[in-house]
Amino acid sequence: MPDYLLTTSPQMAKRHARHKRFQWYGRIAIAISISFMVLMFTAIFFRGIGAFQKTMVAVDVQFTESQIDPSGKREDVSLKQANYKPILLQGLQQVVPEATDRRDRNQLYKILSNGAAFDLGERVAKNPDLIGTSKRVWVAASSEVDLYVKGKIDPEVPEDRRRLKNQDIAWIEKLREAGQLKRKFNTTFFTSGDSRQPEMAGILSAALGSFFSLLICFIIAFPLGILTAVYLEEYAKKSRLTDIIEVNINNLAAVPSIVFGLLGLAIFLNFFQLPRSTPLVGGMVLALMTLPTIIIASRSILRSVPQATRDAALGLGASKTQTTFHHVVPLAMPGMLTGTILGMARALGETAPLLMIGMVAFIVDVPKGVTDVATALPVQIFLWADSPEKGFVELTSAAIMVLLVFLILMNVFAVYLRRKLERRW
């Protein structure tokens, strides 16, 4: 064998060296990206994991009829609106008897959540037989107590730099020693709407608002996007008009989302006078934003269907419409669904367009339909992140975790659908 085939030229050695360096550059870039992603997820996890538990306080309650229902009529409204604060305070004073004057009593009651009396009223209204009995009930602690129990308030910090005073901490420790303090799974986070108090706030209202908005988005964007893609790819002849339409669709896919919010504000709210802060309008705005993505993805999938499929159908006597909707579209449908799911996953995480149509309002009630006032999960995260209450820091990270779970599930479902149903040519 000639020697020139056994030796490597300097130029070839340099090319191999550049190739190896480029490979390492790519690996380093991927490692850095993964590191930042892991760092972000780790920070969110450790900040938000505590929100899935909340501190409960056991109170020995005397359900005295003279305080709860003096009339004895057992009406739901009167039972719910009764003054339960003295009853709860009496139970706390059994553990902390030294809180006798008015100031100390009010301070002692602040160990409990502001919603404790309301929750107790709900229990009595559901079970009036409690009246006249004594029972230990578990009610939510205040946000400050919850943070202290979780170790997020340092008692070594000077008293004037924390909201919990030394006296409050002493009372909390008395309750802990008496076995009247525990942590349990925070069901309120998943079953309640928003609240000014962190221990009473939940994501149910925002989650349903996002669900209804995505439902409207899918109902509008999916059929319009599919039909537009089919027409442009299978029926429309090449002309200046179709070129203009294609350019505008591609441009709309890159338009900032807040522009669609301004469009929805001008058209849906100001011109058509549709109700503000509703999933109906939110879904329509998200549909406008998602439509270009669905059209572009669907056209790409339609192009991937072999021309032989069309020729075979036409050769057997099928019409253009039969060929398109009986053969081409069914083969392209898995890819179209995948593009739609990915587009809706992007819409799920959008905040800016929803802010422009008023879905930034403080919503306590849980929406029951698309015309009820609601907010969305990303907007709820935005509101909590802007709140000065320290307890909302946990809730913000926990809501981000829930949103990320939904986004990951939607993307995994899109990948599964593509692999399960797609045809390889």
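Criteria and cut-off values
Residues numbered from 1 in each chain as written. Predicted model: local features only at pLDDT ≥ 70, side-chain atom pairs only at ≥ 80, totals over all residues. Heavy atoms only, no water. Domains from an automatic or database assignment. Contact = heavy atoms within 4.5 Å. Buried area = accessible area lost by both parts, 1.4 Å probe. Helix = DSSP H or I, 4+ residues; strand = E, 2+ residues; numbered from the N terminus. Buried < 20%, exposed > 50% of the residue type's maximum accessible area, 1.4 Å probe, protein only. Expected span 1.5 Å × (residues − 1). Arc of directions from axis to C-beta. Polar contact = N/O pair within 3.5 Å; in protein donor to acceptor, adjacent residues only side chain to side chain. Pairing = 2+ DSSP bridges.

Right, let's talk about the domain arrangement of the protein for a bit. For the protein, the assigned domains read domain 1 (10-49), domain 2 (52-197) and domain 3 (204-421). Using only C-alpha atoms to locate each centre, domain 1 and domain 3 end up separated by 32 Å. If you look at the interface, domain 1 gives six residues, while domain 3 gives six residues. Looking only at domain 1, the three residues that lose the most surface to domain 3 are I44, R47 and G48, adding up to 72% of its buried area.

The next point concerns the environment of V124. Looking at the element boundaries, V124 is found in helix 7 (residues 116-126). Relative accessible area serves as the criterion here: at 0%, V124 is assigned to the buried category. Residues in contact with V124, not counting those within four places in the same chain, are F63, I68, L79, Y84, L130 and I131.

Between the first and last C-alpha of helix 12 (residues 240-252) there are 18 Å, a value that for 13 residues agrees with the 18 Å anticipated at 1.5 Å per step. Residues of helix 12 that are buried: T242, E246 and I249. One face of helix 12 carries all of its buried residues, which in axial projection span an arc of 65°. Turned more than 90 degrees away from the buried face of helix 12 sit R240 and L241, all of them exposed. On its buried side, helix 12 packs onto helix 11 (204-235) and helix 14 (279-304).

The next subject is helix 6 (residues 102-109). Along helix 6, the residues classified as buried are D104, L108 and Y109. All buried residues of helix 6 project into a common sector of 135° when viewed along the axis, lining one side. In helix 6, the exposed positions angled more than 90 degrees off the buried face are occupied by R102 and R103. For helix 6, the secondary structure elements touched by its buried residues are helix 5 (85-93), helix 7 and helix 9 (166-177). The opening residue of helix 6, the one whose side-chain oxygen lies 3.2 Å from the backbone nitrogen of R103, is D101.

Judged by how many residues are buried, strand 1 (residues 53-62) sits mostly within the fold: seven of 10 residues are covered. By the bridge criterion, five bridges tie strand 1 to strand 3 (residues 181-185) in an arrangement that is antiparallel. Counted as the bridge partner of Q53 is F185 from strand 3. With seven bridges joining them, strand 1 and strand 2 (residues 134-140) adopt antiparallel strand pairing. Bridge pairing in strand 2 links Q62 to S134.

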